[in-house]
Amino acid sequence: MLGAGIAVGGALTGIPLGGAAAPTEQQIVAAPRSFALTGNVSAVTAGWGYGDAFPPPTLRVKVGDTLRARLINRLPEHTSIHWHGIRLPNAMDGVPYLTQPPVEPGAEFVYEFRPPDAGTFWYHPHCNSIEQIGRGLMGVLVVENPDDPPFDADIVCLYRDWRFDDAGQFTAITTDEGAGRAGTMGSFHTVNGASAPVIDVPTGGLVRLRILNLDSARVITAALPEQPAWIITIDGNPIAPVAFDQWQMGPAMRLDLALRAPDREGATFTLTNSFAAEPWTLATFRAAGPARSHPQGEPPALLASPIPRPDIDNAETLHFTFSASSATALDPQDQLPDLSALQAALGTNEPAADLLCRPQRIFWAINQRPWPGQAGGQLPPPLATLTRGRSYVFELINVTPHTHPIHLHGHTFLVIESNKRTITPYHTDTVLIHTKERVKIAFVADNPGDWMLHCHIIEHQDTGMMGYVRVA
Ligand SMILES: [Cu+2]
């Protein structure tokens, strides 16, 4: 079970924190669970989760405090926890083989780090991700800044779909048709584990809405058609408030909105996905309780995160092309890839017969190199080696017919330019790259280690669209 949010500062060995008490340890137990979801499905019988219910309680920590979390693995296979969007030491990044050994069944691993930035983040496994995330292993991590202006309510809206039938039994979580295209979509849409829930907000109150798209495949366009609101953070990073219209969110992306709830008790407004031809309601909000009053207009701004500013004029530019896998294209006759190309791509001398024993699904590549999840401990060389402290511009080039949310670990980057859209530069850890789009991002490579660069459509990641860069 997850405990209450951490409220005390910590003192790590070698990191003096001014005499604060040791951090409270959170226990995060990854285990098979039966979830009760609400809607037209009453129970998921073969879920995997971090808590008895879905979603687990939101982890809350104050910026600069130490988060200490003990992962206890009660799954039948190895696992890990990646803390999405957090700039943390490489050994805490939770990528099996690359940053830590896999946490085997029955084993434990303690994650300990101090989040440097306030915002809305999340955590999830980074192994057999299609299955582990698909079955429910995920949770929300909120890093609070006590100096931020207060809100009357702080509401997390975790959106995700599920792949199961009316009886709550999982259907195939992945298909070749989905993995090789835009992803295998779920049909049961939930917010906080409920189908189109009604969520109470304080009447007339100032509300912070933290929207997370934690689906493994679906890109949504979040909108509040009946309700004025302001964007106050993008993917966890505060911005000066901007009037909200709608916002496209790929898997792993977050958006914090500030709004003033209706003045009349019982009045409602909806959060919709307007990406679809026919928008659907994700959640309904209802004003409840005694009326509060707040000035109309723009909400107060949040404090900016201390993200180093890249020197774009003197940055080195590197190019990363996201494509279908050509080196290991499937042969329609026997469904087996070119093993010599696979060996070369993985940088392995592993006998072809051993590679053959694994399910062969390779559809995608970065810079023509696929690195599928099935590679296990066979690490390819890094896509690039960066000099610690230098500024870099990455040009991310999408030559596929699909949209890809591209995620870089360990760094928060600035999105600076697109060949298809006007970009007002903003910070993020995950950027959507549309078909035939070239997007430039910039950052200071200030965090040493091996950092994943991958698509967050989990089936794309797991069938080749991942790699890593080394900061040395
Ligand atoms: Cu993708």
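Below, the structure is looked at part by part. (Residues numbered from 1 in each chain as written. Predicted model: local features only at pLDDT ≥ 70, side-chain atom pairs only at ≥ 80, totals over all residues. Heavy atoms only, no water.)

## Structural notes on the overall build of the chain
Within the chain one finds five helices and 30 strands. Burial statistics for the chain: of 472 residues in total, 58% are counted as buried. Taking as baseline every contact in the chain between residues at least 6 positions apart, the subset at least 24 positions apart corresponds to 73%. (Helix = DSSP H or I, 4+ residues; strand = E, 2+ residues; numbered from the N terminus. Buried < 20%, exposed > 50% of the residue type's maximum accessible area, 1.4 Å probe, protein only. Contact = heavy atoms within 4.5 Å.)

## Some remarks on the pattern of salt bridges
By the definition in use, this model includes 24 salt bridges. The residue E25 makes a salt bridge to R70 at a minimum N-O spacing of 2.7 Å. Taken together, the positions of E25 in strand β1 (residues 25-35) and R70 in strand β4 (residues 67-73) put the pair 45 residues apart, joining distant regions of the chain. Between R254 and D429 there is a salt bridge, with its nearest N and O atoms 2.9 Å apart. In this pair, R254 sits in strand β17 (residues 254-260) while D429 sits in the loop between β26 (426-428) and β27 (430-433), placing the two residues 175 residues apart along the sequence. The exposure class of D429 is buried, given its relative accessible area of 1%. When salt bridges that share partners are traced, they join R60, K62, E144, D154, R208, R210 and D256 into one network. (Salt bridge = Lys/Arg side-chain N within 4 Å of Asp/Glu carboxyl O.)

## Quick notes on the packing of aromatic side chains
Within the structure shown, the criterion is met by 17 aromatic pairs. Residues F164 and F170 carry aromatic rings whose centres are separated by 5.6 Å and whose planes lie at 75° to one another, so their mutual orientation is edge-to-face. For the pair F164 and F170, a shared accessibility class is recorded, and that class is buried. Through successive ring pairs, a cluster of aromatic residues spans F35, F54, W162, F164, F170 and F188. (Phe/Tyr/Trp six-rings, centres within 6.5 Å; stacked < 30°, edge-to-face > 60°.)

## Describing the sheet that holds strand β19 (residues 280-288)
Spatial ordering of the open sheet is given by β11-β19-β18-β13-β16, a layout of five strands whose pairing is mixed. Looking along the sheet, the strands with just one partner apiece sit at the ends: β11 (198-202) and β16 (246-249). The average undirected angle you get between the axes of adjacent strands in this sheet is 25°. Sheet topology places strand β18 (residues 268-273) next to β19; six bridges connect them, and they run antiparallel. Bridge pairing in β19 places T272 opposite T281. (Pairing = 2+ DSSP bridges. Axes fitted to C-alpha atoms, helices over the stretch in contact; angles between N-to-C directions.)

## As for the coordination of the copper ion
Coordination angles at a metal have ideal targets, namely 109.5 degrees for four tetrahedral donors and 90 or 180 degrees for six octahedral donors. Those donors, H404 (ND1), C455 (SG) and H460 (ND1), are the protein atoms that reach the copper ion, and they lie 2.0 to 2.1 Å from it. Judged by its relative accessible area of 1%, H404 is buried. (Donors = N, O, S within 2.8 Å, 3.2 Å for Na, K, Ca; no water.)

## Details of the sheet that holds strand β5 (residues 82-84)
Pairing is mixed across the open sheet formed by four strands, whose spatial order is β3-β8-β7-β5. If you trace the sheet from one side to the other, it starts and ends with β3 (59-62) and β5, each paired once. Taking each pair of neighbouring strands and ignoring which way they run, the sheet shows an average axis angle of 25°. In terms of strand pairing, strand β7 (residues 119-124) meets strand β8 (residues 139-144) through five bridges, oriented antiparallel. From the neighbouring strand, Y123 faces β8, where its bridge partner is G139.

## Concerning the pairing of strand β30 (residues 466-471)
Extensive coverage of β30 is indicated by the burial of five of its six residues. Sheet topology places strand β22 (residues 384-386) next to β30; three bridges connect them, and they run parallel. Of the residues in β30, the one forming a bridge with T385 is R470. Direction of pairing for strand β29 (residues 449-455) relative to β30: antiparallel, over a ladder of six bridges. Opposite M452, over in β30, you have Y468 as the bridge partner.

## Description of the environment of V142
Tracing the backbone shows V142 in strand β8. With relative accessibility at 0%, the residue V142 sits in the buried group. V142 sits 68 residues away from R210 along the chain, and the two C-alpha atoms are 9.2 Å apart. If we skip the residues at most four places from it in the chain, V142 touches T58, L59, R60, V61, G119, V156 and R210.

## Some words on the environment of G464
Following the sequence through the fold, G464 ends up in the loop between α5 (458-462) and β30. According to the relative accessible area criterion, G464 is buried, its value standing at 0%. For the pair formed by G464 and R369, sequence separation is 95 residues and the distance between their alpha carbons is 7.7 Å. When neighbours within four sequence positions are excluded, G464 is seen to be in contact with W364, A365, I366, R369, P370, W371 and P372.

## Things to note about unusual backbone geometry
The amide bond that connects F54 to the next residue, P55, takes the cis arrangement and shows omega of -5°. Within the element layout of this structure, P55 appears in the loop between β2 (44-49) and β3.

## Structural notes on the side chain of H407
Residue placement: H407 occurs in strand β24 (residues 404-408). Its relative accessible area of 1% is what places H407 among the buried residues. Within polar-contact distance, the side chain of H407 engages the side chain of H84 at 3.4 Å. Those residues in contact with H407 that lie beyond four places of it in its chain are H82, H84, G85, D429, T430, M452, L453, H454 and H456. (Polar contact = N/O pair within 3.5 Å; in protein donor to acceptor, adjacent residues only side chain to side chain.)

## Thoughts on the pairing of β24
Counting buried residues in β24 gives five out of five residues, a clear majority hidden from the surface. Residues H404, I406 and L408 line one face of β24 and the alternating positions P405 and H407 line the opposite face, and both faces are buried. Bridge count for β24 against β27 is four bridges, and the pairing is antiparallel. Pairing of I406 across the sheet is with V431, part of β27. When β24 meets β29, the two strands line up antiparallel, connected through three bridges. Considered in β29, the bridge of L408 is made with L453.

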